[in-house]
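Structural overview
Listed below are the residues making up each chain.
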Amino acid sequence: MAVIEVENLHKRYGDEVAVHDVSLRVEQGEIFGILGPNGAGKTTTVECLAGLRPAQGGRISVLGLDPVRDREALRQVLGVQLQESGLPDKLKVREALHLYASFYRDPADPGELMARLGLADKAATRYKNLSGGQKQRLAIALAIVGNPRVVILDELTTGLDPHARRTTWELIEAIRDSGVTVLLVTHFMEEAERLCDRVAVIDAGRVIALDTPAALAARAGRGQRMRFRPSAPLDERLLLALPEVTALRRHGSQLEVTGTGNLVHAVTSLLARRQIIAADLRVEQGTLDDAFIALTGHGHGPGREAA
Ligand SMILES: Nc1ncnc2c1ncn2[C@@H]1O[C@H](COP(=O)(O)OP(=O)(O)OP(=O)(O)O)[C@@H](O)[C@H]1O
């Protein structure tokens, strides 16, 4: 069942078109990623979805509600974390959670939420004194305090160190596992690969690809690559005859085989039948990073970070 449906969304700021034409459907219970270079229209798209900005064209439905017409009803079932928290510096963690909880008919218990998100010992800490990771955890807590059915998270892990990013990923997975549908805007390819069931790549206000991370990576064309040293001489034509193999190169005693599908199984089975061992075997997969660069023709902002 589609929880979010966007058809031909069009949004301008004055004369500037931020979103030309975006269509996508997010299914119940998935983590759906929106990827794209800086200025692609990602934030504008999710702000329109959340009813924070009116669109000039197209149709949006979130849980069957129109974000502008049914904004009040939508607020009760949609949790939103945007890039700027807008929280006052002096507000304490406990106060922020109680304040946000008061906006909802059926909120979560702020104390339980603080414990779940590792903020219990920060309950009396003012917002300005939280670390980056703690601020992000509070942002997640505020996005889910209303017990939403859908949550939008915009660049949640930007600025976090690798450890804090991983902890945040686990939190996002736990939210999904509790039955909440998650829409995640991210610059990080590894984040999308790890978390997202499907991703839409947006460039210059249009969806240029929409698929699972693995399918997008496979489509980037690099496919898979194996490198190994055969333990005995091997007729290269046998490898080239395999349907999975698209190219073969020799580097000294090493063979480099590129291909698609179940390449590793096909090649290792052929070798095994000839009692040849693939010594020093290394396998590389195409990544979402490759797909992103192939699709958009450029990198993705802050760069691929080791996480
Ligand atoms: N409030 C605004 N007024 C005018 N133009 C805006 C406004 N917000 C965004 N834009 C413009 O709309 C375009 C899309 O911006 P948007 O913030 O949606 O992109 P984004 O994909 O989220 O970018 P980033 O990855 O840098 O956050 C950009 O050209 C931006 O300059």
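Under the annotation held in an unreviewed UniProt entry, the chain carries the name ABC transporter ATP-binding protein and is attributed to Kitasatospora nipponensis. The heading Subcellular location (unreviewed entry) in the UniProt record of the chain holds the text "Cell membrane".

Brief notes about the overall build of the chain
From N to C terminus, the chain includes eleven helices and 13 strands. If you line up the chain on its principal axes, its C-alpha atoms span 75 × 45 × 30 Å. A buried classification covers 47% of the 307 residues belonging to the chain. Considering only residue pairs separated by 6 or more positions, the chain has 68% of its internal contacts joining residues 24 or more positions apart.

Considering the side chain of Glu-155
For Glu-155, the location among the structural elements is in the loop between β6 (150-154) and α6 (162-177). For the buried Glu-155, which has no salt bridge, the nearest side chain bearing the opposite charge is Lys-42, at an N-O separation of 4.8 Å. One polar contact links Glu-155 to His-187, side chain to side chain, over a distance of 3.1 Å. The residues contacting Glu-155, other than those within four sequence positions of it, are Lys-42, Gln-83, Gln-136, Val-185 and His-187.

Quick look at the site of the ligand
Taken together, 15 residues lie around the ligand, and Glu-16, Gly-39, Lys-42, Thr-43 and Thr-44 are the ones closest in. Gly-41 places a polar main-chain atom, nitrogen or oxygen, 2.9 Å from an oxygen atom of the ligand. Thr-43 places a side-chain nitrogen or oxygen 2.8 Å from an oxygen atom of the ligand. Across the complex, the protein chains shield 65% of the 640 Å² of accessible surface that the ligand would expose by itself. According to the grid-proximity analysis, the pocket containing the ligand is the second largest pocket. Broken down by secondary-structure element, the contributors of at least two residues to the shell around the ligand are β2 (16-27) and α1 (42-49). At three residues, α1 tops the list of elements feeding residues into the shell around the ligand. Of the residues belonging to the shell around the ligand, the class tally is four nonpolar, seven polar and four charged.

Some words on the domain arrangement of the chain
The figure often quoted for interface size is the accessible area lost as the parts come together. Here the chain is described as being made up of domain 1 (2-218) and domain 2 (223-284). Look at where the C-alpha atoms of domain 1 and domain 2 centre, and you get two points 44 Å apart.

Looking at the environment of Ile-277
With respect to the helices and strands, Ile-277 occurs in the loop between α10 (263-273) and β13 (278-285). When its relative accessible area of 57% is taken as the criterion, Ile-277 is described as exposed. Along the primary structure Ile-277 and Leu-255 are separated by 22 residues, whereas in three dimensions their C-alpha atoms are 12 Å apart. If sequence neighbours within four positions are ignored, Ile-277 has contacts with Arg-229, Pro-230 and Ser-231.

Re the sheet that holds strand β11 (residues 245-251)
Sheets are built from strands paired through backbone hydrogen bonds, the pairs being either parallel or antiparallel. Read from one edge of the open sheet, four strands run β11-β12-β10-β13, paired in antiparallel fashion. The two strands at the open ends of the sheet, each matched to only one other strand, are β11 and β13. Recorded for the sheet is a direction-independent mean angle of 15° between the axes of neighbouring strands. Of the strand pairs in this sheet, strand β10 (residues 224-230) and strand β12 (residues 254-259) are connected by five bridges, and their pairing is antiparallel. Paired with Met-226 across the strands is Val-257, a residue of β12. Contacts from α10 reach β10, β11, β12 and β13 within the one sheet, and its direction differs from that of β10 by about 20°.

Criteria and cut-off values
- Residues numbered from 1 in each chain as written.
- Predicted model: local features only at pLDDT ≥ 70, side-chain atom pairs only at ≥ 80, totals over all residues.
- Heavy atoms only, no water.
- UniProt positions renumbered as here; feature names shortened; annotations may be inferred.
- Helix = DSSP H or I, 4+ residues; strand = E, 2+ residues; numbered from the N terminus.
- Buried < 20%, exposed > 50% of the residue type's maximum accessible area, 1.4 Å probe, protein only.
- Contact = heavy atoms within 4.5 Å.
- Lys, Arg positive; Asp, Glu negative; His and termini not counted.
- Salt bridge = Lys/Arg side-chain N within 4 Å of Asp/Glu carboxyl O.
- Polar contact = N/O pair within 3.5 Å; in protein donor to acceptor, adjacent residues only side chain to side chain.
- Near = heavy atom within 4 Å.
- Areas by Shrake-Rupley, 256 points an atom, 1.4 Å probe, with all protein chains shown as cover.
- 1 Å grid on protein atoms, 1.4 Å probe; cavity = no way out; pocket = protein on both sides within 12 Å on 5 of 7 lines; lining within 4 Å.
- Sits in = over half its atoms within 2 Å of the grid points.
- Nonpolar A, V, L, I, M, F, W, Y, C, P; charged D, E, K, R; others polar.
- Domains from an automatic or database assignment.
- Pairing = 2+ DSSP bridges.
- Axes fitted to C-alpha atoms, helices over the stretch in contact; angles between N-to-C directions.

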